[in-house]
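In case you want the letters, here they are:
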There are 2 protein chains.
Amino acid sequence: MIERIAILGTGLLGASVGLALRANGYRGKIAGFNRSEEGASTALRIGAIDSVVTDPLAAAREADVTLLCVPIYATLDLMPRLAAMLTPNQLVTDVGSTKREIVTQAARYYNTPNRPAFLPGHPMAGKERGGAEFADANLFRGAVWLFTDDPAWPRSPRGAELAADWRALVASMGARAIDIDPARHDEMVAWVSHLPQFTATALSALLEEEVGDAPELKDVGGRALREMTRLGASPFSMWRDIALTNTEPIERALQAFEQRLAHIRENLRTPALRDEFEQANKFRRET
Amino acid sequence: MIERIAILGTGLLGASVGLALRANGYRGKIAGFNRSEEGASTALRIGAIDSVVTDPLAAAREADVTLLCVPIYATLDLMPRLAAMLTPNQLVTDVGSTKREIVTQAARYYNTPNRPAFLPGHPMAGKERGGAEFADANLFRGAVWLFTDDPAWPRSPRGAELAADWRALVASMGARAIDIDPARHDEMVAWVSHLPQFTATALSALLEEEVGDAPELKDVGGRALREMTRLGASPFSMWRDIALTNTEPIERALQAFEQRLAHIRENLRTPALRDEFEQANKFRRET
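Residues numbered from 1 in each chain as written. Chains lettered and ligands numbered in written order. Predicted model: local features only at pLDDT ≥ 70, side-chain atom pairs only at ≥ 80, totals over all residues.

Student: Quick question: what am I supposed to make of the sheet that holds strand β8 (residues 144–147) of chain A here?
Tutor: Strand pairing in a sheet relies on backbone hydrogen bonds. The paired strands run either parallel or antiparallel. Residue and element names in this part refer to chain A. Strands sit in the order β7-β8-β9 across an open sheet of three strands; the sheet is mixed. Lying at the two open borders of the sheet, with one neighbouring strand each, are β7 (121–123) and β9 (176–179). For this sheet, the mean angle separating the axes of adjacent strands, direction not counted, is 25°. Pairing between β8 and β9: four bridges, direction parallel. Across the sheet, W145 pairs through a bridge with A177, a residue of β9. (Pairing = 2+ DSSP bridges. Helix = DSSP H or I, 4+ residues; strand = E, 2+ residues; numbered from the N terminus. Axes fitted to C-alpha atoms, helices over the stretch in contact; angles between N-to-C directions.)

Set out below in structure tokens:
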């Protein structure tokens with residue numbers, strides 16, 4: 001049983017996990033750390049955590065499970081430091097959006113009988129605006145929670161048990177776990193998550209340049225324009241680490257997309273345009 | 001006063017206009033024509049029209065105002081045929097998504113003291129799926145309804161009056177009228193409407209190819225992916241005419257967008273990525 005959880009990073013995701021755990025029957029303790037004091041006190045106020053801690057390492061030392069909800073490079077930086085001070089009876093897990101580098105660190109510093117356990121996770125949920133004030137107990141309901149776990153990792157019995165218990169808590173929040181190879185994970189999220197984000201960023205940035213000085217023209221775009229640019233509000237702070245740790249798959253996806261747009265541009269007057277619409281219709285019918 | 005309206009094309013837009021007129025106090029008659037009998041009978045059943053007519057020209061002959069809610073080429077084809085049989089005491093208006101070619105026809109066949117009046121209109125509202133079954137009395141509430149009217153057109157007094165009355169009905173549906181030059185209209189919708197549509201089509205078509213055979217991976221994209229591909233369901237039948245009547249502005253917008261994406265792709269590891277996110281954030285703050 002997991003009795004104490006430390007959430008390091010009580011932003012949107014961290015605070016939503018805290019709220020979701022509480023809303024779905026978790027009765028243990030939840031300590032929270034956040035770089036900004038305001039974020040931590042918001043998380044405390046809304047009931048996402050029971051206590052605020054000012055030292056992330058000390059918080060992790062007291063916890064059965066430490067959940068890292070910080071940007072990827074902060075996760076990569078914390079991983080060896082936590083491994084050095086935790087016991088084989090403790091689990092660290094994370095929510096990082098790219099997994100190859102995190103899995104490399106996990107294999108290097110965790111997951112032997114004498115080391116703490118690390119379970120690499122990635123909930124496919126979020127909002128375009130961060131911060132505990134947007135936290136939502138239902139954020140993970142119906143969402144996929146990816147794990148890039150390696151069944152061959154020789155974890156301690158307690159570490160293996162905590163990993164299974166964490167998966168049970170994830171299920172209790174309403175998420176559906178899918179296990180996937182880390183390289184395949186990073187390739188796949190480049191298509192279904194990173195490409196849509198960079199598309200929305202490029203579209204929003206371009207339109208800011210083209211019609212930014214004519215706000216009435218934005219109204220003209222209506223719901224379609226709002227939807228296609230909503231992700232334009234996403235913070236660079238989070239996406240920088242994603243771009244840096246998944247560069248090649250994102251490059252490939254963007255280049256394929258540029259070619260697809262050029263193909264449409266060159267065929268605005270030809271029957272090939274029909275094929276593009278039919279292919280797109282097909283994607284939506286299946287989604 | 002407008003007492004009789006003929007809606008030619010009782011699809012999503014036409015039927016929504018009928019419902020919106022009724023919901024907001026219009027008490028005159030509304031006749032409806034639709035190429036497919038089923039679409040007309042659906043419009044009749046939901047109360048968008050009072051009667052189904054099988055001859056669009058005969059329906060227009062009986063109406064004070066004829067509203068063309070058909071694809072652009074069908075509008076361009078109907079315009080001279082209607083002009084030949086209507087009187088200066090009748091108005092034709094439309095909902096076409098591009099306006100230069102329609103305005104050219106209007107100047108050629110309408111809007112003199114001895115000819116019927118034509119008011120070129122374009123409500124910025126829609127759904128990704130067409131058909132009277134998706135019609136909505138509130139579709140135009142809060143939306144912009146563009147007019148590319150020319151104040152210099154020497155309309156008959158009755159024609160001018162009907163145009164003013166139609167604008168009042170548009171306002172009654174909750175839409176906000178904006179007058180704009182037709183060339184500027186077509187340039188602007190290329191950015192805020194056509195570019196987002198072709199972006200969603202290209203993204204959906206590409207993802208169908210890349211992950212179409214792995215439906216569980218689409219779940220992974222979550223809300224963000226669903227939003228960025230929703231317009232992928234849009235029908236080619238409508239967009240073909242838009243692509244053909246607004247080719248150059250759409251080509252320019254697509255090419256600029258391809259360049260923007262390439263810029264992001266080439267700067268995934270540089271500080272220029274921050275600038276793109278900040279520019280995108282700015283667009284969303286103002287929207």
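Still more ground to cover, so stick around.
Student: Could you clarify how one ought to interpret the interface of chain A and chain B in this entry?
Tutor: Accessible area lost upon the coming together of the parts is a frequently used measure of interface size. With 78 residues of chain A in contact, the opposing surface of chain B contributes 78 residues. Among the elements of the structure, β8, α7 (182–211), α8 (215–229), α9 (236–245), α10 (247–266) and α11 (272–286) of chain A are those that each provide at least two residues to the side of chain A that touches chain B. No other element matches α7 of chain A, which puts 20 residues into the side of chain A that touches chain B. (Contact = placed C-beta atoms within 7 Å.)

Student: I'm lost on the pairing of strand β4 (residues 65–68) of chain B in this one. Help?
Tutor: Two faces, one strand: in a regular strand the side chains alternate between the faces of the sheet. Residue and element names in this part refer to chain B. Burial along β4 is two-sided: the face carrying V65 and L67 and the face carrying T66 and L68 are both buried. Across four bridges, the pairing between β4 and strand β5 (residues 91–94) is parallel. In the strand pairing of β5, L67 is matched with T93. Once the chain exits β4 it traverses helix α4 (residues 72–85) before rejoining the sheet at β5, and the crossover so formed is right-handed. (Buried ≥ 20, exposed ≤ 12 C-beta atoms within 10 Å, placed from the backbone. Right-handed = clockwise from strand over helix to strand, strands pointing away.)

Student: For this particular structure, what's the right way to read the packing of α7 of chain A against α10 of chain A?
Tutor: Packed helices, taken two at a time, are described by their axes: the angle between them and the distance between them. All names here are of chain A. One can describe the packing of α7 onto α10 by two numbers: an axis separation of 9 Å at closest approach and a directional angle of 55°. The pairing of α7 with α10 is recorded here as oblique in orientation. The element α7 and its partner α10 pack so that their crossing is right-handed. Taking contact as the criterion, the partners of D186, E187, A190, W191, H194, L195, F198 and T199 in α7 are, on α10, P249, I250, A253, L254 and F257. Classifying every residue of the contact of α7 with α10 by side-chain character gives nine nonpolar, two polar and two charged. (Parallel < 35°, antiparallel > 145°, perpendicular 65-115°, else oblique. Left-handed = near helix turned anticlockwise from the far one by under 90°. Nonpolar A, V, L, I, M, F, W, Y, C, P; charged D, E, K, R; others polar.)

Student: Please clarify how α4 of chain B should be interpreted in this entry.
Tutor: Note: α-helices contain 3.6 residues per turn, so residues at a spacing of three or four share the same orientation. Residues and elements named next belong to chain B. With 14 residues, α4 should reach 20 Å at 1.5 Å per residue; the first-to-last C-alpha distance of 20 Å fits that figure. The sharpest bend along α4 reaches about 30° and sits at L78, with the proline P80 one to four residues further on. Those residues of α4 not exposed but buried are I72, T75, L78, M79 and L82. On its buried side, α4 packs onto β1 (4–8), α3 (56–61), β4, β5, α5 (100–109) and α9 (236–245). (Expected span 1.5 Å × (residues − 1). Bend = angle between axes of the 7 residues up to and from the residue.)

Student: Would you take a moment to explain the sheet that holds strand β6 (residues 117–119) of chain B for this structure?
Tutor: All names here are of chain B. In spatial order, the strands read β3-β2-β1-β4-β5-β6; together these six strands make up an open sheet with parallel pairing. Each edge of the sheet is formed by a strand with only one pairing partner; in this case those strands are β3 (51–52) and β6. Where β1 and β4 come together, four bridges link them in parallel fashion. In the sheet register, L8 faces β4, and the bridge partner there is L68. Relative to strand β2 (residues 29–33), helix α1 (residues 12–23) is tilted by about 170°, and along the sheet it contacts β1, β2 and β4. Sitting on the sheet, α4 is in contact with β1, β4 and β5, with an inclination near 160° to β4.

Function cannot be inferred from these measures alone, as they are strictly geometric.
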